[in-house]
Amino acid sequence: MQGNFIEELRWRGMLHDMIPGLEEQLAKEMTTAYIGFDPTAPSLHIGNLAAIMLLKHFQLAGHKPIALVGGATGMIGDPSGKNAEREFLSEDILRENQIGIQKQLEKFLDFHGGANSAEVVNNYDWFKEFSFLGFLREAGKFLTVNYMMSKDSVKNRLETGLSFTEFSYQLLQGYDFYHLYKTKNVRLQMGGSDQWGNITTGTEIIRRKEGSGEDEADRAFALTTPLVTKVDGTKFGKSESGNVWLDPAKTSPYEFYQFWLNTADADVPRLLRVFTLFTQSEIENMEAQHAEAPHLRILQKALGQEVTTRVHGANICEEVIEASGILFAKDAIEQLEAASESVFQQLPIYQVSPEALAECQNLTDLISVGCNHLICSSKGEARKAIQGNAISVNKVKVNNPQANIDFPLLRNKYLLIGNGKQKNYILAIR
RNA sequence: GGGGAUAUACCAGAGCGGCCAAAUGGGGCAGACUGUAAAUCUGCUGGCGAAUGCCUACGGUGGUUCGAAUCCAUCUGUCCCCA
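Residues numbered from 1 in each chain as written. Chains lettered and ligands numbered in written order. Predicted model: local features only at pLDDT ≥ 70, side-chain atom pairs only at ≥ 80, totals over all residues. Heavy atoms only, no water.

1. Points about the nonpolar core
Counting residues in each nonpolar core, the largest one holds 57 residues, and the members touching the most others are Met190, Trp260 and Phe275. It is helix H3 (residues 49–60) that provides the largest number of residues to this core, a total of eight residues. Among all residues touching Phe275, those that are not within four sequence positions of it are Ile46, Leu49, Ala50, Met53, Val228, Phe236, Trp260, Leu303 and Val307. The next biggest cluster of nonpolar side chains, apart from the first, holds 26 residues, and it includes Tyr34, Tyr147, Val154 and Leu172. (Core = buried A, V, L, I, M, F, W, Y, C linked by side-chain atoms within 4.5 Å. Buried < 20%, exposed > 50% of the residue type's maximum accessible area, 1.4 Å probe, protein only. Helix = DSSP H or I, 4+ residues; strand = E, 2+ residues; numbered from the N terminus. Contact = heavy atoms within 4.5 Å.)

2. Re the protein's contact with RNA strand B
Among the 29 residues in the neighbourhood of RNA strand B, the closest are listed as Asn262, Ala264, Asp265, Lys421 and Gln422. If you look at RNA strand B and keep only atoms within 4 Å of the protein, 62% of those are sugar or phosphate atoms. Arg297 is positioned such that a nitrogen or oxygen atom in its side chain is 3.5 Å from a sugar or linking oxygen of RNA strand B. A distance of 3.1 Å separates a phosphate oxygen of RNA strand B from a polar side-chain atom of Lys423. Of all the elements in the fold, those that place two or more residues in the surface near RNA strand B are helix H13 (253–261) and helix H22 (379–387). A total of four residues in the surface near RNA strand B trace back to one element, the largest contributor, which is H22. The class makeup of the residues in the surface near RNA strand B is five nonpolar, 15 polar and nine charged. (Near = heavy atom within 4 Å. Polar contact = N/O pair within 3.5 Å; in protein donor to acceptor, adjacent residues only side chain to side chain. Nonpolar A, V, L, I, M, F, W, Y, C, P; charged D, E, K, R; others polar.)

3. A short note on helix H14 (residues 268–275)
With six of eight residues buried, H14 lies mostly within the body of the structure. The complete set of buried residues in H14 reads Val268, Leu271, Leu272, Arg273, Val274 and Phe275. Elements in contact with the buried residues of H14: helix H1 (5–12), H3, H13, helix H15 (280–292) and helix H16 (298–312).

Here's what the structure looks like:
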């Protein structure tokens, strides 16, 4: 084996809990592990990133990672962490989503690397043929309701109620593990710490069906990683516009990079460990540098660059970094005029239609209705933002809501509008 | 099936028949300070408007009243107790 997977996770702070004996198993032979992904959206988001990195490290350590796309379980909905019954998704949508997710995983994992190549499986493939009776005999027989009720994910819902369908979710997920154990010799399931209950249901099913653990060869293992949280207690992975997606059509590379760049100092060390492959000494080095000159934000930049490169590619990433640099530079206007076209295209450009523009009486209209509420969601908000000194046009603060829209255009067609310190928009107005 | 409670803005949660676009807290946004950070302080936080203004809103529908988030009836949802 090439590296110690568990050790790696430990120093990165990515190890929350595991079933004892796992280290011995991993040391003994190449082991196969899987993590489930929920196909309720056509793209993964950075909330999934920690799980992906888990698989990545696993593969780097010489083991074989499998990503399970929960086509079947996605049709049901995991009650963990939810307080309301979930909406069903159609089979078609789930299929499409799976394809998108698979493509994104290919950016992280090696699918053509010999014995320990990554694989993607879809549990719909083995569940679709399953009859209800078959399932009851194959899976349901092996767990008691008492056991299932004792899971936190279920207990937390007893007050508000949960359907039989959602109650059965853990059986499905547990059976996945068993199925993979039998067909692909998968010995380990990993996931976020909220998945512990679901995962151990799987190991329990395997144990009951295959006999218990004196014979080590029969054992199945669970490993969880702590949920990534922010220092201020808010959820990690959301920007103000919602989830941060890996799909550039849903979250532009520029926004993606900005998300990482804006990480708070207190959060950065942890995020670097979880989301990048920098070594311990590399990270500690950077931290030392950061401590000396925090305003340079070395850590944030390293984090942003690393993750953006992995997700969107080195070229795009460079352009995005350059574009970001331009927008926040003192001489942004000159630099914008001089920037190359490909870099310019990475900027957050919004096309204002001539009709919409014609409707605009003043700046207030432009930044609300004129750009389809991109910048401000209502005229009132726009007016308040302008009066509050938040809005700048071509880097010059404007605080007259009635200002005419006769600003000089950049490159003959663009206006640079800033809202606050962090948000910049380029409006193409012709 | 019987009885009781409750329904307020993004969330939590006040609210006397007129002084209620609705206390307070959280969240969100912005300003100042900085480093596109954190903490702190300040302002904003239904829509339109330059505005003293207008419109829409306190689960739905009707009603009482000069006037209703506030009273009455009814419906719906949720929760609790009994069978």
